[in-house]
Amino acid sequence: MVVEQLAPGDHLIQVIKEGSISHTQSVTITGDTRATVAVTLKPKEEEDKTPPQIIHSVGQKPREGRSYAVRTSARDNKAVKEVFLHFRAKQAGGEYVKSSMFKIAEGLYEGVVPSNVVKGNTLQYYLSAVDAAGNVGIDGTAESPYELAIQGQDKEPPVILHEPMKIISDVSELIISAKITDNSGAATAQIVYRKSGEKNFVKEVRPVPATGAVSLNIPGVVMGGNAVEYYIEAWDEAENRAAAGSAEKPFSIQILKVKPYAEGMVIERKEGAKEAVINIGSLDGLKKGDILSVIRADEKITDQATGQIRQIKQVFTGKIKVVAVTPKTATVEVAAEAAPEKIAPNQLVRLRCGPVSGLTATSTKIRAVDLAWMPAKEPEATGYAIYRGVTQDGKYALIATIKATEAPTYSDIDSKASPINDETTYHYKVAAINAEKVEGIPSEPANATTKGGPAAPTAFNAVSNEIQQVTFTWAKMSDPDTTGYTLQKANTEDGKFTDVFSIKRGEDVQAVLKSSKEAPLENGRAYYYRLLAVNKVGRAGKPSATVSASTHARPEAPAAPRITKEFVRSISLGWDQHPDKDAAGYIVYRQDAPGAEFKKIGETKEGTAATYIDKGNHLKDGAEYHYAISTFLKGGTVESPLSLAVKATTFGPPEIPQELMASTGKFREVQLAWAPIKKEEIAGYELFRSVDGKKYESIKKLAGRDMAAFTDKGGIFGALKDNTTYQYRITAYNVAEVASA
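Only a predicted model underlies this, so the values are computations on that prediction, with no experimental measurement involved.

Scoring rules and cut-offs
Residues numbered from 1 in each chain as written. Predicted model: local features only at pLDDT ≥ 70, side-chain atom pairs only at ≥ 80, totals over all residues. Heavy atoms only, no water. Helix = DSSP H or I, 4+ residues; strand = E, 2+ residues; numbered from the N terminus. Rg over C-alpha atoms; globule rule 2.2 N^0.38 Å. Buried < 20%, exposed > 50% of the residue type's maximum accessible area, 1.4 Å probe, protein only. Contact = heavy atoms within 4.5 Å. Areas by Shrake-Rupley, 256 points an atom, 1.4 Å probe, with all protein chains shown as cover. Lys, Arg positive; Asp, Glu negative; His and termini not counted. Charge placed at Lys NZ, Arg CZ, Asp CG, Glu CD. Salt bridge = Lys/Arg side-chain N within 4 Å of Asp/Glu carboxyl O. Phe/Tyr/Trp six-rings, centres within 6.5 Å; stacked < 30°, edge-to-face > 60°. Pairing = 2+ DSSP bridges. Axes fitted to C-alpha atoms, helices over the stretch in contact; angles between N-to-C directions. Polar contact = N/O pair within 3.5 Å; in protein donor to acceptor, adjacent residues only side chain to side chain. Core = buried A, V, L, I, M, F, W, Y, C linked by side-chain atoms within 4.5 Å.

A. Representation of the overall build of the protein chain. Helices and strands together make up the secondary structure of the protein chain, namely zero helices and 56 strands. For the protein chain, whose C-alpha radius of gyration is 51 Å, the value lies well above the compact-globule estimate of 27 Å for 741 residues. When the 741 residues of the protein chain are sorted by exposure, 39% land in the buried category. In the protein chain, once contacts between residues fewer than 6 apart in sequence are set aside, the share between residues at least 24 apart is 63%. In the form shown here, the protein chain has an accessible surface area of approximately 41500 Å², with 49% of it arising from carbon and sulfur atoms. Both charge centroids of the protein chain, one from 92 positive and one from 91 negative side chains, sit 4 Å from each other.

Next comes the structure, spelled out in C-alpha cells:
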C-alpha cells in the first residue's frame, strides 16, 4: 500500500476493509511525502450467537435430610464457560439458590443441593450454562422447573434373609450365610457366634456386597462342642438396625456325632465259610442263640444342598447267630446275608441299637406333651418304644410304639386309657427296636410339665381421668392357648365383681371400656376392675390384681367471658383458658332477649385464640344481647355448665355529619365541605341535592370516613343550571351500609 501527501514525521494509519479486521500501524515519513507500507489484514471471525446446549436426565429421588447431587452434560460450539444449578424446596417457595456446578469430566458437570434444602415434599431445580460470548442456555425455568418428590427419612432397617440350620455333623464344615438387603442399598453385617456352654461371643464384621450375600466359616475348635450358638446383625447408613436371633435367644445348631454305635466287630471269616469269629467288645451277657446284626460303615453321607457330612452310612450286611462264647470272643454262624452284601472282617456287630439321641419333651398344648428325637442311625431299627414315668428315676411304663418309617415324634395326649393331668411333670424315654424285637439302649430322659389354667395377667393397669371411658393395659400372655380375656367390674373395692365384656383375641394387651347403657360410667366416679385370661376350652385362669380407676369429672363452668368490642352488628368476646387440661374447646351461647333461652351460636377449639366474634345481619342495630360460654372435654360428650352471662350492645345508625357548607357564585358548580366523623364504624358519606328543598336526590356516595369535601358539577344529571339555588344534605353510612337517621 502506498501512502502519499503526508508531512514528514511519525504517523498512525488505520486500514479498514469490509470483511476484515481493521488494522492500525505506525508509519515514519522522512523527507519525501510518499511511503510504501506492507499491511496484512485478517478476515473477521463470525460473531458467536449460539448458546450452550444442556443435556440432562433426572437421577434417583432425593431423600429427606441428605444432600442431593445433580449431574448434567453441557456443550457449546466454542466453549462452555460455566454451568449453574438453581434450586429450592417447593413448599418453602422464595428465591432459587444459584450454585456453580463442578466440572468432573469433559462436558460433564455436577452440583449439590445441601441437605437443609432437601425437606418437605418436593425439590425444584433448573439448569443454566454460559459460554465465552455470554450466550446463556437454560434447561427448565423458575416457573417450569424439574420437580422431584422427596422421599422421607430412612427409618427402615435392613432385611436379613436367613434360614438357620438345626443340625450338622462334627466332621462337616459349618458356613453361616445370609442375604441382607436395604432400601438405601448400603449395609454392614455382623455374625456373632460361640460354642455352646461358653459365656462370651465372638464377633465377625462383614461389609455387605451388592449381591447382599454374607457368610462366615465357623472355626473347627467351635465345632468340637455339642452345639454352635449364633445370631446375625445388620446396620444401614442411617443406623437402622436389624437382627436375626439375639444374644438372649441365639440360633442353635446341634453338632451331630456321626460315629456309628458298635458292640463288637467281625475279626475272622474265611471266604464262603458259614462260621465266623467276633470280638464281643461291650457285649456283656452275650449268650448262645443270640442274634446279632452285622453292619458295614465306610461311606460318608453328604447333604447335597449344603455339602455337609451328616452321617457315616451304615449298610446292613446280614445277621449272625451266637454258637459259643468265650471271655473276649464268640463263635457265630451266618444266619442271613443281605446279598449282594457279604459279612466280612472289620464290620461292626450289634445285639441292639444304640441310644436314641436328641429327645425333647415340651408341653405347649393343654393336657398334651410333644416328644421329638433324632432318627435312629441303625439300618436294622424297625421302630421305637416310648415310655412315660411320673419321676425321673422311678418306674417307666410303655405308652406307645411307632414304626421307624414314621416321623420320630410322638404326642402324648390326654385320653381315658392314658390320662394326663394339668400342672403335672412327666418323664419320658425312647428306645429303638430292631427286627428281633430287641429294644436298644434307652435315651436320656426328658421331662415336661403340663399346663394348668391360664396364669393371672400381669402388669394389669387402668388409666384414670379419661372421659367417659377407662383404658386397660396388661402384659402380653406368653401362653399360646390363651384365646381371650374377661374383664370384671365392681362398684366398691369389696363389692361383687361382675363380667363387663369379653375380649376374644388372646394376643390383645389393651382394651377400652366405654360408658354405655349396659355398663354406665358416671363422670368423676371410681370403679374397681380385674382381668382373667381364658384358654381355648373356655377355662378362666386366676384373676389379676385388682385396680381402681376414676372417670373424668364434669368440668366446672368457665369464668364469664369478656366483651372485647361492641361494633356494627358485631360483638367480640374473649375469655380465659379453662384450667382443665382435657378441655377440648368452648361453646358460645347468646340470649336475644331478657328471659329468653340461651342458644348455641358457635364453637371454638382449645389451643386456638380464646375469642369469638358474633357478627352478621342476624344482629339488630343498637340492640342488647347477653352471652355465656361453656367448655367441653375431648370427644365432645361432656360439657360444663354455662358461665355467668355478660351484656353487650351493638352500634346504632351513625350520627349525621356536621358543618356542611356550600360555596356560591361558582360557574355551574358548587363546592361542598363538612366535618368528617372520626369513628371506626364510618365507611363513607352520601350527598343529596334538591332544587325545591323538598325532593332530594342522591348525587354522590363517597367511600372513606376521612372524606371532607366534594365539588358538585351536576354529574349524571347534567350540568348545573346558571342562576339556580340548590340545597344539599349529607348522611354518613357505616360498614353495614346503615345510614344516618
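After that view of the structure, there is still more to cover.
B. Layout of unusual backbone geometry. Note the cis peptide between A339 and P340, where omega equals 5 degrees. With respect to the helices and strands, the residue P340 is situated in the loop between β27 (329–337) and β28 (348–350). Non-glycine residue E659 carries a positive phi angle of around 60 degrees. Structurally, the position occupied by E659 is in strand β51 (residues 658–662).

C. Structural detail: the pattern of salt bridges. In total, this model carries 38 salt bridges according to the counting rule given. In this structure, the salt-bridge partner of E680 is K565, at a minimum N-O distance of 2.7 Å. Here the residue E680 occupies a position in the loop between β52 (670–675) and β53 (682–690), and K565 occupies one in strand β44 (residues 562–567), the gap between them amounting to 115 residues. Judged by relative accessible area, K565 falls into the partly exposed class, the value being 32%. The salt bridge partner of D722 is R668, with a shortest N-O separation of 3.1 Å. A residue pair is termed long-range when its members are at least 10 positions apart, and D722 in the loop between β55 (709–712) and β56 (727–734) and R668 in the loop between β51 and β52 qualify at 54 residues. We classify D722 as partly exposed; its relative accessible area is 39%. Members of the salt-bridge network, linked through shared partners, are K451, D479, D481 and K536.

D. Just the environment of T664, in detail. By the element assignment, T664 lies in the loop between β51 and β52. The spacing of T664 and K119 is 545 residues in sequence and 71 Å in space, taken between C-alpha atoms.

E. Representation of the packing of aromatic side chains within the structure. Going through the model one piece at a time under the given rule, you end up with eleven aromatic pairs. Ring geometry for W373 against Y384: centres 5.4 Å apart, planes inclined by 65 degrees, an arrangement best described as edge-to-face. You can see W373 sitting in the loop between β30 (368–372) and β31 (381–389) and its partner Y384 sitting in strand β31, a full eleven residues away along the chain. For Y384, a relative accessible area of 3% puts it in the buried group. An aromatic cluster is built from F460, F472 and Y529, whose rings are joined through pairwise contacts.

F. Representation of the sheet that holds strand β49 (residues 624–633) within the structure. Taken together, four strands build an open sheet; the order of strands is β47-β46-β49-β50 and the sheet is antiparallel. Whereas interior strands pair on both sides, the edge strands pair on one side only; in this sheet they are β47 (599–605) and β50 (646–649). Neighbour-to-neighbour, the strand axes of this sheet turn through a mean angle of 30 degrees, independent of strand direction. Of the pairings in the sheet, the one linking β49 to β50 comprises four bridges and is antiparallel in character. Residue pairing for β50: Y627 is matched across the bridge by V646.

G. Examining the side chain of H86 more closely. Along the chain, the position of H86 falls in strand β7 (residues 80–89). Classification of H86 by relative accessible area gives buried; the value is 8%. There is a polar contact of 2.7 Å between the side chain of H86 and the side chain of S128.

H. How the structure looks around the nonpolar core. Residues I160, L174, I180, I218, M223 and I232 are the most contacted members of the largest nonpolar core, which totals 25 residues. Contributions of two or more residues to this core are made by β16 (175–181), β17 (187–195), β19 (213–217), β20 (227–236), β21 (241–244) and β22 (251–256). Excluding residues that lie within four positions of it along the chain, I180 makes contacts with P158, V159, I160, A187, A189, V208, G212, V214 and A234. Ranked by size, the runner-up nonpolar core spans 20 residues in total, among them F87, Y109, V113 and L123.

I. View of the sheet that holds strand β32 (residues 396–403). Across the sheet, which stays open at both edges, the four strands sit in the order β32-β31-β34-β35 with antiparallel pairing between neighbours. Only two strands of the sheet have a single neighbouring strand rather than two, namely β32 and β35 (446–449). Each strand of the sheet is rotated relative to its neighbour by a mean of 30 degrees, with strand direction disregarded. Two strands pair when backbone bridges link them, and β31 and strand β34 (residues 425–434) are joined in this way by eight bridges, in the antiparallel orientation. Bridge pairing in β34 places R388 opposite Y428.

J. Structural view of the pairing of strand β10 (residues 108–113). Side chains Y109, G111 and V113 project from β10 onto a buried face, and the interleaved L108, E110 and V112 project onto a face without burial. Of the pairings in the sheet, the one linking strand β6 (residues 68–75) to β10 comprises six bridges and is antiparallel in character. Its bridge partner lying in β10, V70 is registered against G111. As paired strands, strand β9 (residues 102–105) and β10 are joined by three bridges and run antiparallel to one another.

K. Looking closely at the pairing of strand β18 (residues 202–207). In terms of burial, β18 is a largely surface element, zero of the six residues being buried. Here β17 pairs with β18 via six bridges, running antiparallel. The residue bridging I191 from the neighbouring strand is E204, located in β18. Connecting β17 to the next strand, β18, in antiparallel fashion are six residues, including G197 with a positive phi near 95 degrees.

L. How the structure looks around the environment of P340. The class for P340 is exposed, based on a relative accessible area of 76%. Sequence separation between P340 and I402 is 62 residues, and the spatial gap between their C-alpha atoms is 30 Å.

M. Expanded view of the side chain of T650. Its location among the elements puts T650 in the loop between β50 and β51. On the basis of relative accessible area, T650 is assigned to the buried category, the value being 4%. A polar side-chain atom of T650 sits 2.5 Å from the main-chain carbonyl oxygen of K620. Only 3.0 Å separates the side chain of T650 from the backbone nitrogen of G622, close enough to count as a polar contact. Not counting residues within four places of it along the chain, the set of residues in contact with T650 comprises F567, R569, S570, I571, L619, K620, D621, G622, A623 and Y625.

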